[in-house]
Amino acid sequence: MPLVKMKEILTHAEENGYGVGAFSVANFEMVMGAVKAAEELRSPLILQIAEVRLKHSPLHIIGPAMVAAAKNASVPVAVHFDHGLTEERIREALKIGFSSIMYDGSHHPLDKNISETKKMAAIAREYGATVEAEIGQVGGSEDGSVDLEVLITSTEQAVKFAAETKVDALALAIGNAHGVYKGEPNLRIDRLEEINSLVDIPLVLHGGSGISEADFRTCISNGIRKINVATATFNRVVDAVNTQAPFKDYFSYHESVIAAAAENVKKHMEMFESVGRVKEEILNV
Ligand code: 13P
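The text that follows walks through the structure, step by step, so that each part is easy to find. Counting restarts for each chain: residues are numbered from 1 in the order of the written sequence. In view of the model being predicted, local features appear only for residues whose pLDDT reaches at least 70, and side-chain atom pairs are presented and counted only at 80 or more, with totals across whole chains, interfaces and linings using the full set of residues. For side-chain calculations, the full set of non-hydrogen atoms in the structure is used, while hydrogens and water are omitted.

**Comments concerning the packing of helix 5 (residues 110-126) against helix 6 (residues 155-165)**
Phase 1 of the analysis: At a closest axis distance of 10 Å, the pairing of helix 5 and helix 6 adopts a crossing angle of 25°. It follows from the interaxial angle that helix 5 and helix 6 lie roughly parallel. Helix-helix and strand crossings are classified by hand; for helix 5 and helix 6 the assignment is right-handed. Across from Leu-110, Asp-111, Asn-113, Ile-114, Thr-117 and Lys-118 in helix 5, the residues of helix 6 making contact are Gln-157, Lys-160, Phe-161, Glu-164 and Thr-165. Here an axis means a line fitted to C-alpha atoms, over the contact stretch when the element is a helix, while the angle between two N-to-C directions is reported on a 0 to 180 degree scale. Per the convention used, a helix needs a DSSP run of H or I reaching at least four residues, while a strand needs a run of E reaching at least two, with both numbered from the N terminus. An angle below 35 degrees is read as roughly parallel, one above 145 as roughly antiparallel, one from 65 to 115 as roughly perpendicular, and any other as oblique. The crossing is said to be left-handed when, going from far helix to near helix, the turn is anticlockwise and less than a right angle, and right-handed when the turn is clockwise. Contact definition: two residues touch when any of their heavy atoms are within 4.5 Å.

**Remarks on the site of the ligand**
Phase 1 of the analysis: In the neighbourhood of the ligand, 15 residues make up the surrounding shell, with Asp-82, Gly-207, Ser-209, Ala-230 and Thr-231 lying closest.
Phase 2 of the analysis: Whenever two N or O atoms come within 3.5 Å, that pair is a polar contact, provided that in protein one can donate a hydrogen and the other can accept it, and provided that, for residues adjacent in sequence, both atoms are side-chain atoms. A distance of 3.0 Å separates an oxygen atom of the ligand from a polar atom in the backbone of Gly-179.
Phase 3 of the analysis: Residue Ser-209 places a side-chain N or O atom 2.5 Å away from an oxygen atom belonging to the ligand.
Phase 4 of the analysis: Bound to the protein, the ligand loses 100% of the 310 Å² it would expose on its own.
Phase 5 of the analysis: At the level of secondary structure, the elements contributing two or more residues to the shell around the ligand comprise strand 3 (77-84) and strand 8 (224-229). We call a residue near a given molecule or strand whenever any one of its heavy atoms falls within 4 Å of it. With residues, only the protein chains shown are counted as cover, and all accessible areas are computed by Shrake-Rupley using a 1.4 Å probe.

**Things to note about the nonpolar core**
Phase 1 of the analysis: Nonpolar cores were defined as sets of buried Ala, Val, Leu, Ile, Met, Phe, Trp, Tyr and Cys residues, with membership established by side-chain atoms within 4.5 Å. Each residue is placed in one exposure class: buried if its accessible area under a 1.4 Å probe, protein chains only, is under 20% of its type's maximum, exposed if it is over 50%, and partly exposed if it falls in between. Counting 80 residues, the largest nonpolar core has Leu-45, Leu-47, Met-66, Phe-98 and Leu-170 as its most contacted members.
Phase 2 of the analysis: Broken down by element, the residue count for this core peaks at eight residues, all from helix 10 (residues 250-272).
Phase 3 of the analysis: Discounting residues that sit within four places of it in the chain, Met-66 has contacts with Val-25, Val-31, Leu-47, Gln-48, Ile-49, Val-79 and Phe-98.
Phase 4 of the analysis: Listed in part, the 14 residues of the second largest apolar core include Ala-13, Tyr-18, Ala-22 and Val-204.

**Some words on the packing of helix 6 against helix 7 (residues 189-198)**
Phase 1 of the analysis: Here helix 6 crosses helix 7 at 30°, and the two axes come no closer than 10 Å. Where helix 6 crosses over helix 7, the handedness of that crossing is right-handed. Across the interface between the two elements, Thr-155, Ala-158 and Val-159 of helix 6 pack against Arg-191, Glu-194, Ile-195 and Leu-198 of helix 7.
Phase 2 of the analysis: Only Asp, Glu, Lys and Arg are considered charged in this grouping, and only Ala, Val, Leu, Ile, Met, Phe, Trp, Tyr, Cys and Pro are considered nonpolar; every other residue, Gly among them, is considered polar. Tallied by class, the residues present in the contact of helix 6 with helix 7 amount to four nonpolar, one polar and two charged.

Given below as structure tokens:
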């Protein structure tokens, strides 16, 4: 029964100094590809979908598929609701069985972000779910609909936010952005280092697509435990399908989507050093 709380996965990563990919999925094939990659590489996995993506992939359809895939996997899988914006949707995800939620109140002033995060965290706790929240503002936007500027997380605010909300994982803005980076990502490692020395919970890096292996490694050695990857998987799938088309039938196309999603997930698992971390004795697998 390897549907686990995200906190278990992040605690193991923290104790052993590696990162875990949280891979966004949009359909059945991507769910299958991500789980296949994790099983083949014996890596823990976080499967996620963001609230803004539900217009394409309705939660009542994709949610149960994600939970079922996790329950049937041979490695620990957490099912995470990414960038939760509304109480209604967060509750719906928890009822479906998501083992983790992110409440994103980063657009609010600090005090409101703290009070709203505490409210959503209390709801998640009723279900025993893990809670992630964000402080500062990651650039771009999850679905590319707006281009938010990067507001680097203040160390002082991160310390206050973590102490008052008691969340399990904290997403920071250190120059990272959702979607395709406009130039080379320029991460504020100095700020990450400072926050990591003062905040004792696993840290989260959003906007993983396009960050270099060297930067991932530096982030991981400075406390980043969860790394979100969405655009890279979507783009890999589109490229594979465009290259391989025309398909002789629907099912060859279906196999191609699974393989392309798995390929991108594997590539990131290697960079995050989560490969081979699932052994008989860990995480009750
Ligand atoms: P990318 O689309 O840039 O990989 O960002 C994913 C993300 O952070 C989802 O929350």
